[in-house]
Amino acid sequence: MPRGCRSATEYRFGDEHTDSIVRTAAYHRKDFCLSVIWFSSREHIDIRPSIATPFRRTSNVGLGSLDRLPLELLYNTLLGLDMHSLFKFRQTNLTSRQTVDSLKQYQMVVSHGLNLLCASLRTRLAIGISLLDFYNALCTKASMLLQCLKGAPEIQVQTRTAVRKQFHLTKVELDQLRSFKTLPEIYSMTESVQQPHALLQAQPASSERNQKFNFMGSCALPYYDKRTSKVEHGMSCAGCQLALEKDIVGARSESWAFEARDKVYARDGFLEHFRWCEQAQVLWRSSGEGSKRPTELPEVARRGGSFNMRE
């Protein structure tokens with residue numbers, strides 16, 4: 001790591017300073033959320049109450065033969081249902097709606113994962129995602145790099161035509177593979193407008209040419225901490241952005257510097273990074289330890305990214 005980026009000694013701080021350190025030296029980079037499938041919060045205003053709020057009246061109609069199941073077994077069954085079927089079941093009657101709404105996992109998904117839920121329903125991928133799968137993804141904490149969107153094998157997709165040509169499949173064989181239709185939207189870090197494509201998961205022969213499709217098949221999801229019941233949307237380091245702007249890294253380390261700048265942390269991951277990030281510490285000290293805006297705060301950090309806002 002170049003001099004000026006990594007501090008010579010570990011920076012130590014008390015728990016009482018963690019909130020102000022995060023507020024001063026970290027920022028939520030909205031570019032990443034906007035580069036993939038994204039919906040304006042305005043689109044959720046009318047949807048959220050209808051899918052998250054139970055009716056305040058009782059019903060004499062039950063669940064039929066499902067009423068014979070022990071409650072725990074019924075809940076486990078619902079957790080294993082794919083999201084499309086779960087929504088169909090929820091619409092059966094008032095009792096089914098109240099039963100689904102009583103599941104904590106369902107409430108967390110519709111409260112904090114509505115973008116991904118809408119994306120999976122509109123692309124018709126919801127038939128392959130169970131409520132438990134969705135909830136577990138919401139509760140998974142992991143650092144993310146922009147490079148993951150570009151090259152991670154598990155999210156590589158390409159068009160049906162390209163897959164058929166690459167693997168020499170017949171039409172019958174191709175139809176047996178699950179595909180999904182993307183949504184017309186603005187995608188990737190270049191903010192390019194893309195029309196719908198029929199895509200399926202497959203490692204392309206040329207990943208560079210197909211990178212745009214990875215963005216079209218992805219959606220941002222926050223992290224829900226089951227222990228604290230807090231939600232994190234990821235944070236980037238303003239200090240790493242500052243190091244780039246100061247040209248501290250030099251040409252030989254430029255690739256590393258962009259990877260560091262593009263990394264997204266959970267809160268505890270960022271605080272660990274801060275201990276050794278010299279430029280983040282510069283921002284912290286220039287802020288009077290959180291009492292004012294840092295004098296060298298990058299414009300990108302202040303704006304929360306460089307993309308044009310779409311709200």
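Please refer to the structure placed before this passage.
The structure displayed is predicted, hence computed values, not measured ones.

(A) Broad picture of the overall build of the chain. Tallying secondary structure elements over the chain gives 18 helices and 9 strands in all. Principal-axis analysis of the C-alpha atoms places the extent of the chain at approximately 70 × 55 × 30 Å. Of all 311 residues assigned to the chain, the portion counted as buried reaches 44%. Within the chain, counting contacts between residues at least 6 apart in sequence, those at least 24 apart form 77% of the total. Carbon and sulfur atoms make up 51% of the accessible area of the chain, which amounts to about 17100 Å² in all.

(B) Geometry of the pairing of strand β6 (residues 198-201). Where strand β2 (residues 157-159) lies against β6, 3 bridges are found, and the strand directions are antiparallel. Looking at β6, one finds that T159 is bridged to L199. In terms of strand pairing, strand β3 (residues 180-181) meets β6 through 2 bridges, oriented antiparallel. In the sheet register, K181 faces β6, and the bridge partner there is A198.

(C) Looking closely at the nonpolar core. Grouped together as the largest cluster of nonpolar side chains are 39 residues, with contacts concentrated most on M83, Y106, L117 and L131. Sorting the residues of this core by element identifies α3 (47-52), α4 (71-80), α5 (83-90), α7 (104-112), α8 (114-122), α9 (131-138) and α13 (211-216) as the ones contributing at least two each. Non-local contacts of Y106, meaning those with residues more than four positions away in its chain, are made with I51, L86, F87, R90, V100, D101 and L131. Counting residues in hydrophobic clusters, the runner-up holds 17 residues, among them F13, C237, F270 and F274.

(D) Quick look at the sheet that holds β2. The antiparallel open sheet is built from 3 strands, whose spatial order is β2-β6-β3. Unpaired on one side and paired on the other, β2 and β3 mark the two borders of the sheet. Lying on the sheet, helix α11 (residues 160-167) is in contact with β2 and β6; it crosses β2 at an angle near 95°.

(E) Structural detail: the packing of α5 against helix α6 (residues 94-101). Two elements in contact, α5 and α6, have axes whose closest approach is 7 Å; the angle formed by their N-to-C orientations is 135°. Taken together, the axes of α5 and α6 lie oblique to each other. Residues L86, F89 and R90 of α5 lie in contact with α6, whose contacting residues are S96, R97, V100 and D101.

(F) How the structure looks around the packing of aromatic side chains. Across all of its chains, the model carries 5 aromatic pairs by this definition. Where F13 meets F274, the ring centres are 5.8 Å apart and the plane angle is 70°; that geometry is what we call edge-to-face. Note that F13 is positioned in the segment before α1 (18-25) and F274 in helix α16 (residues 267-274), a separation of 261 residues in sequence. Side by side, F13 and F274 carry an identical accessibility label, which is buried. Ring geometry for F270 and F274: centres 6.4 Å apart, planes at 45°, overall tilted.

About the thresholds
Residues numbered from 1 in each chain as written. Predicted model: local features only at pLDDT ≥ 70, side-chain atom pairs only at ≥ 80, totals over all residues. Heavy atoms only, no water. Helix = DSSP H or I, 4+ residues; strand = E, 2+ residues; numbered from the N terminus. Buried < 20%, exposed > 50% of the residue type's maximum accessible area, 1.4 Å probe, protein only. Contact = heavy atoms within 4.5 Å. Areas by Shrake-Rupley, 256 points an atom, 1.4 Å probe, with all protein chains shown as cover. Pairing = 2+ DSSP bridges. Core = buried A, V, L, I, M, F, W, Y, C linked by side-chain atoms within 4.5 Å. Axes fitted to C-alpha atoms, helices over the stretch in contact; angles between N-to-C directions. Parallel < 35°, antiparallel > 145°, perpendicular 65-115°, else oblique. Phe/Tyr/Trp six-rings, centres within 6.5 Å; stacked < 30°, edge-to-face > 60°.

On their own, these measurements won't tell you what the molecule is for.
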